[in-house]
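This is what each chain is made of:
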Amino acid sequence: MTTLTRRPRAVVAPAATPAAAATHRAAEGSVHSWDLSTGVDGPGSRFVTFLSGCPLTCLYCHNPDTWRMRSGRRTSADEVIAEARKYTTFIAAAGGGATISGGEPLLQPVFAGELLHRMKHELGLHTALDTSGFLGARATDALLRDVDLVLLDLKSWHPDTYRKVTGRPLRPTLDFARRLADLGQTVWIRFVLVPGLTDDPANIEGVAAFAASLGNVSRVDVLPFHKLGEAKWQALGRAFTLHDTPPPAAEALAGARAVFTAHGLHAV
């Protein structure tokens, strides 16, 4: 992940966008970093902007340094767009686009909406919103019209497990998922398989059945739990309670994917 240490660059002022028109000034937000990724944050190679701030405190979060909005750098949309513009030719050739991630981007809905609008209409990029869905009510229909793909983290089907994992209730995420289905919005579901936490067969079955019922889920990423972010937890003085939890076995991952496949979903 590339941290924000670069100097601001002069850019040509863009035409008024929704946020700029509403505030009469260029939109600004708290940005943790940006980076280029391939095959992780949506289709193809993508310019990913990580916004700071998140209302969830997931036990396996690999970026706990994005939880506090004040930990990011106040950055203008102009600066982010100027950086993304450098890679548009490469991204287009690789069948990619731009992803707004976090943290939780819907904690800053005006800024996230500004970036999505300009990535799509000014740079001509395929756009993706990476979200837990907990703050889905903050995403206006106008914002979602600028989103080509929603990467939705569905961390558990059991409400008690969801609260244990995130510290928050499950219902807002389910409501947002149903709203996306009603809008016909293309969705990729992300589900992290954590031994002893989310790997209960009934839990996996619940997530799969719900995802299949929506009718707009084109892919499910069954992701293995890992401890790559543990050092960040330690640096922040936080206890990583899953320290002794092993990654799931290959057989367990295959079994979980098979449940989603049995429901007619494309699971990877």
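Look a little higher up for the structure.
What you see is a predicted model; the values in this text were computed from it and never measured. (Residues numbered from 1 in each chain as written. Predicted model: local features only at pLDDT ≥ 70, side-chain atom pairs only at ≥ 80, totals over all residues. Heavy atoms only, no water.)

Trainee: Explain the nonpolar core to me, please; I cannot follow it from the model alone.
Mentor: Nonpolar side chains tend toward joint burial in soluble globular proteins. With 70 residues, the main nonpolar core has Met 119 and Phe 260 as its most contacted residues. Counting residues per element, this core draws most heavily on helix 8 (residues 201-214), at 6 residues. (Core = buried A, V, L, I, M, F, W, Y, C linked by side-chain atoms within 4.5 Å. Buried < 20%, exposed > 50% of the residue type's maximum accessible area, 1.4 Å probe, protein only. Helix = DSSP H or I, 4+ residues; strand = E, 2+ residues; numbered from the N terminus.)

Trainee: When you look at the packing of aromatic side chains in this model, what are you seeing that I'm missing?
Mentor: Note on aromatic pairs: each is described by the distance of the centres and the angle between the planes. Scanning the model with the defined rule gives 6 aromatic pairs in all. Ring geometry for Trp 34 against Phe 47: centres 6.3 Å apart, planes inclined by 35 degrees, an arrangement best described as tilted. With Trp 34 in strand 2 (residues 28-38) and Phe 47 in strand 3 (residues 45-51), this residue pair connects regions lying 13 residues apart in the sequence. You can call Phe 47 buried: its relative accessible area is 1%. Taking 6.1 Å as the distance between ring centres and 55 degrees as the angle between the ring planes, the aromatic pair formed by Phe 191 and Phe 260 counts as tilted. (Phe/Tyr/Trp six-rings, centres within 6.5 Å; stacked < 30°, edge-to-face > 60°.)

Trainee: How should the state of the cysteines be read in this particular structure?
Mentor: By the definition in use, this model includes 0 disulfides. Counting only cysteine sulfurs, Cys 61 is the nearest neighbor of Cys 58, a cysteine outside any disulfide, at a range of 6.3 Å. (Disulfide = S-S within 2.5 Å.)

Trainee: Before we go on, may I ask you to explain the pattern of salt bridges in this structure?
Mentor: If charged atoms from side chains of opposite charge come close, those side chains can pair. Enumeration over the complete set of coordinates arrives at 13 salt bridges. Lys 232 is the salt-bridge partner of Asp 65, the closest N and O atoms lying 3.7 Å from each other. Of the two residues, Asp 65 is situated in the loop between strand 3 and strand 4 (73-76) and Lys 232 in helix 9 (residues 230-235); the sequence distance between them amounts to 167 residues. We classify Asp 65 as partly exposed; its relative accessible area is 22%. For the salt bridge of Arg 118 with Glu 122, the shortest nitrogen-to-oxygen distance reads 2.9 Å. One salt-bridge network, in which partners are shared between bridges, spans Asp 78, Arg 85, Arg 118 and Glu 122. (Salt bridge = Lys/Arg side-chain N within 4 Å of Asp/Glu carboxyl O.)

Trainee: Would you mind showing me how to read helix 2 (residues 77-85) here?
Mentor: Residues separated by three or four positions in an α-helix point in the same direction, a consequence of the helix having 3.6 residues per turn. Of all the 9 residues making up helix 2, 8 are buried; the element is thus mostly covered by neighbouring parts of the structure. Those residues of helix 2 lying buried are Ala 77, Asp 78, Glu 79, Val 80, Ile 81, Ala 82, Glu 83 and Ala 84. Those residues of helix 2 hidden inside the fold are in contact with strand 2, strand 3, strand 4, helix 3 (88-93) and helix 4 (109-121). (Contact = heavy atoms within 4.5 Å.)

Trainee: Teacher, can you tell me more about the pairing of strand 2 here?
Mentor: Along any regular strand the residues' side chains alternate between the sheet's two faces. Relative to strand 4, strand 2 runs antiparallel, the two sharing 4 bridges. Within strand 4, the position partnered with Gly 29 by the bridge is Thr 75. Bridge analysis of strand 2 against strand 3 gives 7 bridges, and the strand direction is antiparallel. Each residue of the ladder has a partner; that of Ser 37, found in strand 3, is Arg 46. Hairpin connection between strand 2 and strand 3: a loop of 6 residues separates the two successive antiparallel strands, and Gly 39 in this loop has a positive phi of roughly 75 degrees. (Pairing = 2+ DSSP bridges.)

Trainee: Got a minute to help me understand the packing of helix 8 against helix 10 (residues 250-262) in this structure?
Mentor: In a pair of packed helices, the angle between the axes and the distance between the axes together describe the arrangement. Interhelical geometry of helix 8 versus helix 10 gives an angle of 35 degrees and a closest axis separation of 9 Å. Handedness of the crossing formed by helix 8 with helix 10: right-handed. For the pair formed by helix 8 and helix 10, the contact residues are Ile 204, Glu 205, Val 207 and Ala 208 on the first element and Ala 256, Val 259 and Phe 260 on the second. In the contact of helix 8 with helix 10, the residues fall into 6 nonpolar, no polar and 1 charged. (Axes fitted to C-alpha atoms, helices over the stretch in contact; angles between N-to-C directions. Left-handed = near helix turned anticlockwise from the far one by under 90°. Nonpolar A, V, L, I, M, F, W, Y, C, P; charged D, E, K, R; others polar.)

Trainee: How do you make sense of the side chain of Ser 52 when you look at a structure like this?
Mentor: By the secondary structure assignment, Ser 52 is in the loop between strand 3 and strand 4. A relative accessible area of 0% places Ser 52 in the buried class. At a separation of 3.3 Å, a polar atom in the side chain of Ser 52 contacts the main-chain amide nitrogen of His 32. The contacts of Ser 52, once residues within four sequence positions are left out, are Ser 30, Val 31, His 32, Thr 66, Arg 68, Met 69, Ser 71, Gly 72 and Gln 108. (Polar contact = N/O pair within 3.5 Å; in protein donor to acceptor, adjacent residues only side chain to side chain.)

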